[in-house]
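Below are the chains, spelled out letter by letter.
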Amino acid sequence: MIRCMLNIWGVILYLRLPWITAQAGIGLTWLIILLSVAVTTITGLSVSAISTNGKVKSGGTYFLISRSLGPELGGSIGLIFAFANAVAVAMHTVGFAETVRDLMMEYNCTIVDPVNDIRIIGVITVTVLLAISLAGMEWEAKAQIVFFLVILVSLVNYAIGTVIPATEEKQSMGFFNYKASIFAENFIPHWQGESGSFFGMFSIFFPSATGILAGANISGDLKDPAVAIPKGTLLAIFWTTISYLAVSATIGSCVLRDASGNINDTLEAALNETLVPELNGIAIGNATSDCEGLECNYGWNFTDCRTNENCQYGLMNYYQTMSMVSGFAPLITAGIFGATLSSALACLVSAPKVFQCLCEDKLYPVIGFFGKGYGKNKEPIRGYILAFLIAVGFILIAELNTIAPIISNFFLCSYALINFSCFHASITNSPGWRPSFHYYNKWIALLGAGISVVIMFLLTWWAAVIAVGIIVFLLGYVTYKKPDVNWGSSVQAGSYNMALTYSLSLSGVEDHVKNFRPQCLVLTGPPNLRPALVDFVGTFTKKVSLMICGNVVMETSKITATASESWKGHTKWLEKRKIRSFYTDIRATNLRRGAAYLMQASGLGKLKPNTIVMGFKNDWQEDSLENLENYVGVIQDAFDCNFAVCILRMKEGLYISRMMEIHVNEAFQSDEDLSKDSYKESSSRCTADAPEYPVVDGESRSIFQCKQAKKYIDIYWLCDDGGLTILVPYLLSRRKRWGNCKVRVFISTSTEKSDQEKEAMKSLLSKFRLRFKEIVVLTDTDQKPHPESMKVFEDLVAPYRLNDGMKADSTVQELKSENPWKISDQELLWHIKKSEKQARLNEIMKENSQDAALIVMSLPVARRDACPSTLYMAWLETLSHGLNPPVLLIRGNQQNAITFYCQ
């Protein structure tokens, strides 16, 4: 309480409150005081709630808010509060220097001139305070008690002075003790000067009410902070409010606005100067008729100085009015010295301490230089010097009425953040928000934040815009950088609440083709082992749709890390790679079963995958037949679950082996294994023409992280699957990395209908609002492939043939039941047309698309139990082998993915 009161009783009380009373009148001055107190009281309630929400340690306001509400809000408030305290050092020091200057002027003593004297005295004073701060503050707490007693004595001295009969000298300065007429005249405003307005006076007064956080700043020194901070802060606000109201009312009832200070300006003196014996009555009438103002009733005439605007005394002109009114002026001077020096010293100590705590948390770059501690107590010497330099910069302004509004804006900004933080923490309904102080209300806290922001803009709109801009930048930076701290952020709680609310609201929304998004479940295994697959899907789902990286962990595999550690590691890798994706893993006996679990269990409500993406199994001929069956089974199960299927094949493969301690997933280990030597160790240049896996900054990079050259994305749209085959390339073309690529659409038809089909396709794409200009009509897809192409296919299926041409049907059936992956001659004959088509399409793609950036082809589909898995993989191999660009095989689930309807 004492520390808060010392900071609230500052330079404004002694040197500006009488002047504000003269400008605004007693009535509006009370309104200014009560409005300031309303803001600080609401903030005090919020601080009380925050300070009782968990264990309080040292670190002051920044520590309380950052640990209770998270780094986003805590960091912003800490930086603004530290700067405001550094500027407050300048304000209190200028108040001290102004008093010393006035004392010197009473004895006709100056150093240079009135303004430069303030600068010189102020810089010397703050230098001495810096030396005291650096020397050690063990005695500081006891000194605060002494300062407090001095201020109390000075206030009592002032109160006694108001009832001591005014001497003739004090009357010449406008002091006439308590007069109802003076109270009545001073009750209404009388604006003068550039700052003569309600909010001009408010901006100057408000810094006097900003000491409410001084108690919280010594949280580490309190025996029971959870009790001491609320009680001390609110009691300090109450008693200082009473004192401010009392001083404003009493001084406004005793002192005139304008006075000359000349003891010869009495009506009697004026009468003697104009007295003519033979016209006595007339002379008296002339003398009294020249006097205008309330002072005439008390025998004084200040009309001349008021008319000429050169009055030196009175509430409007003399900042040391309280000293003049008091019973013993030196006690008021002592009170000013005690108030200004104690507040300046407290601010000079607290600003570096808060800043040091902020630096140690490493929320912002660069500033860590100022947080280094020296000595046993880890004193932030660099922070002291920074605060000193800021204070000196503002001391050079040498005008209290200019510095005070600047501080007002920054403190109002801090209070708005504190109140909003309390409101935000309350509405998130986080179980962690459990303050033991119950006398606060979230809506009142929001009101306090709103009032603070409104007043900021009413005071100085451009300064408010700058302050808000700084806060938005600081909040955005911490939110974007996500510092490695875990203090329980109210922002995180708010995000959870919002996500939960919107996710539930989606449940009641019917699906519509206009809102279709390819929500992808990507079978990546550990994501860092298939970076190209992750990068590719992340490119077209980013900010558009859901992406989940799924990892099937074999139950027979050895686990080298706990589930939470594994999840955290993979999630961090995705974040570092700037992939907006979830990660999930599941344990299963094989890939097929695990993929089925993921397809059924992944997602939440409408945020559920509808497309499964997987890499092409390059080693299907060398791997076990069981693994091959599982791989093809995943595709079949996906169609059964109404999923679309995408398979990405790259010439160099998708799987990379890293020399690191990592759990290798056996379910995904069957792709082509590129050893560490298979990609460059140096920081290779990332280009679309270098599809290896270069290592840049310790991370492998895929071609999908590179800006693509001016090439084509070739779409072979050979069947209508709902439009997914066209939608994915369109989403890719919207990305900056793929902006140089043009999209070509290949369609198949007969020669006679080629022109007609081409125009129909152009019309359809136009209706779909897809800016694909180039359409290529293929009229030769039904031709027989070259024998060399069919030889490739035949060599692929040869190891898996039953060669059952002369065997009985019963024998064939028995062999098939024992070896379901074997291909009978009858099956080969049934599917010969489809086999030839895959070979022919491969020839066409080699002719047209070897230089493309990406080939998108309709994925062949085979009926379950009608096509062996080996034959199906032979089709996929025949279709996609020998192609330089990545090949994406897509088959939608017949759900419309695009529409040209607008209703």
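Here, the structure is the one placed above.
Residues numbered from 1 in each chain as written. Predicted model: local features only at pLDDT ≥ 70, side-chain atom pairs only at ≥ 80, totals over all residues. Heavy atoms only, no water.

Draft legend 1. Region of interest: the overall build of the protein. A tally of regular secondary structure across the protein gives 32 helices and 12 strands. Taken over 903 residues, the protein has a buried fraction of 54%. Intrachain contacts of the protein at a sequence separation of at least 6 include 79% that bridge at least 24 residues. Carbon and sulfur atoms form 57% of the exposed surface of the protein, whose accessible area is close to 40,400 Å². (Helix = DSSP H or I, 4+ residues; strand = E, 2+ residues; numbered from the N terminus. Buried < 20%, exposed > 50% of the residue type's maximum accessible area, 1.4 Å probe, protein only. Contact = heavy atoms within 4.5 Å. Areas by Shrake-Rupley, 256 points an atom, 1.4 Å probe, with all protein chains shown as cover.)

Draft legend 2. Structural detail: the sheet that holds strand S4 (residues 611-615). As summarised here, the arrangement of the 10 strands in space is S3-S2-S1-S4-S5-S12-S11-S8-S9-S10, forming an open sheet in which the pairing is mixed. Strands with a single pairing partner mark the edges of an open sheet, and in this sheet they are strand S3 (582-588) and strand S10 (774-778). Neighbour-to-neighbour, the strand axes of this sheet turn through a mean angle of 20°, independent of strand direction. Bridge analysis of strand S9 (residues 742-748) against S10 gives 5 bridges, and the strand direction is parallel. (Pairing = 2+ DSSP bridges. Axes fitted to C-alpha atoms, helices over the stretch in contact; angles between N-to-C directions.)

Draft legend 3. Structural context of the packing of helix H18 (residues 400-427) against helix H19 (residues 442-459). The N-to-C vectors of H18 and H19 enclose an angle of 155°; their axes lie 8 Å apart at closest approach. For the element pair H18 / H19, the angle class is roughly antiparallel. In this structure, H18 crosses over H19, and the sense of that crossing is left-handed. Contacts from Ser408, Asn409, Leu412, Cys413, Tyr415, Ala416, Asn419, Phe420, Cys422, Phe423, Ser426 and Ile427 in H18 reach Lys442, Trp443, Ala445, Leu446, Gly448, Ala449, Ser452, Val453, Ile455, Met456 and Leu459 in H19. Residues belonging to the contact of H18 with H19 are distributed by class as follows: 16 nonpolar, 6 polar and 1 charged. (Parallel < 35°, antiparallel > 145°, perpendicular 65-115°, else oblique. Left-handed = near helix turned anticlockwise from the far one by under 90°. Nonpolar A, V, L, I, M, F, W, Y, C, P; charged D, E, K, R; others polar.)

Draft legend 4. Spotlight on the environment of proline 729. Tracing the sequence through the fold places proline 729 in helix H26 (residues 724-733). Considered as a pair, proline 729 and leucine 854 are 125 residues apart in the sequence and their alpha carbons are 8.9 Å apart. Residues within four places of proline 729 in sequence aside, it is in contact with Ile713, Ile715, Leu724 and Val856.

Draft legend 5. Examining helix H20 (residues 461-481) more closely. Taking 1.5 Å of rise per residue, the 21 residues of H20 would be expected to cover 30 Å, and the 30 Å separating its terminal C-alpha atoms lies within 8% of that figure. Taken together, the buried residues of H20 touch helix H5 (71-106), H18 and H19. Lysine 482 sits one or two positions beyond H20 and adopts a positive phi of about 50°. (Expected span 1.5 Å × (residues − 1).)

Draft legend 6. Looking closely at empty space enclosed by the protein. Under the criterion given, the structure shown has 3 cavities of 30 Å³ or more. Estimated volume of the largest cavity: approximately 80 Å³. Considering the residues around the largest cavity, the lining is formed by Ile8, Ile33, Val37, Thr40, Phe205, Ser208, Ala209, Ile212, Ile237, Thr240, Thr241 and Tyr244. For the lining of the largest cavity, the secondary structure elements donating two or more residues are helix H3 (17-51) and helix H11 (225-254). If you tally residues by element for the lining of the largest cavity, the top one is H11, at 4 residues. (1 Å grid on protein atoms, 1.4 Å probe; cavity = no way out; pocket = protein on both sides within 12 Å on 5 of 7 lines; lining within 4 Å. Points joined across faces, edges and corners; volume = space filled by probe spheres on them.)

Draft legend 7. Local environment of helix H31 (residues 832-848). Taking 1.5 Å as the rise per residue, H31 with 17 residues should run 24 Å; its terminal C-alpha atoms sit 25 Å apart, in good agreement. Along H31, the residues that are buried comprise Ser835, Glu836, Gln838, Ala839, Arg840, Leu841, Asn842, Glu843, Ile844 and Met845. Residues of H31 that are buried sit in contact with strand S8 (712-716), S10, helix H28 (787-797), strand S11 (854-858) and helix H32 (869-880).

Draft legend 8. The arrangement of the packing of aromatic side chains in detail. Applying the stated criterion to the full structure yields 29 aromatic pairs. Aromatic side chains phenylalanine 205 and tyrosine 244 sit 5.3 Å apart centroid to centroid with 85° between the ring planes, which places their arrangement in the edge-to-face category. Here phenylalanine 205 is found in helix H10 (residues 198-205), whereas its partner tyrosine 244 is found in helix H11, with 39 residues between them in sequence. One Lys or Arg, arginine 382, reaches over the ring of phenylalanine 369 and ends 4.0 Å from the middle of that ring. For arginine 744, the ring lying beneath its charged end belongs to tyrosine 712, and the centroid distance is 3.9 Å. (Phe/Tyr/Trp six-rings, centres within 6.5 Å; stacked < 30°, edge-to-face > 60°. Lys NZ or Arg CZ within 6 Å of the ring centre and 35° of its normal.)

Draft legend 9. Molecular detail of the pattern of salt bridges. Scanning the model with the defined rule gives 14 salt bridges in all. The shortest N-O distance in the salt bridge between arginine 16 and glutamate 98 comes to 3.0 Å. Note that arginine 16 is positioned in the loop between helix H2 (11-15) and H3 and glutamate 98 in helix H5, a separation of 82 residues in sequence. Assigned by exposure class, arginine 16 and glutamate 98 land together as buried. Residue arginine 577 pairs with aspartate 535 through a salt bridge whose shortest N-O separation is 2.8 Å. Residue arginine 577 is found in the loop between helix H23 (563-576) and S3, and its partner aspartate 535 is found in helix H22 (residues 531-541); the two are separated by 42 residues along the sequence. In this pair, the class of arginine 577 matches that of aspartate 535, namely buried. Here the residues in one salt-bridge network are Lys617, Asp619 and Asp623, joined through shared partners. (Salt bridge = Lys/Arg side-chain N within 4 Å of Asp/Glu carboxyl O.)

Draft legend 10. Here's a closer look at a nonpolar patch on the surface. Among the surface-exposed residues, Val453, Phe457, Trp461, Trp462, Val465, Ile466, Val468, Ile470 and Val472 lie close enough to one another that they form a single nonpolar patch of about 840 Å² accessible area. Top contributing element to the nonpolar patch by residue count: H20, with 7 residues. When you line up the elements, valine 453 lands in helix H19. The class of valine 453 is partly exposed, set by a relative accessible area of 33%. (Patch = residues over 30% accessible without salt bridge, like charges linked within 9 Å, V, L, I, M, F, W, Y side chains within 5 Å.)

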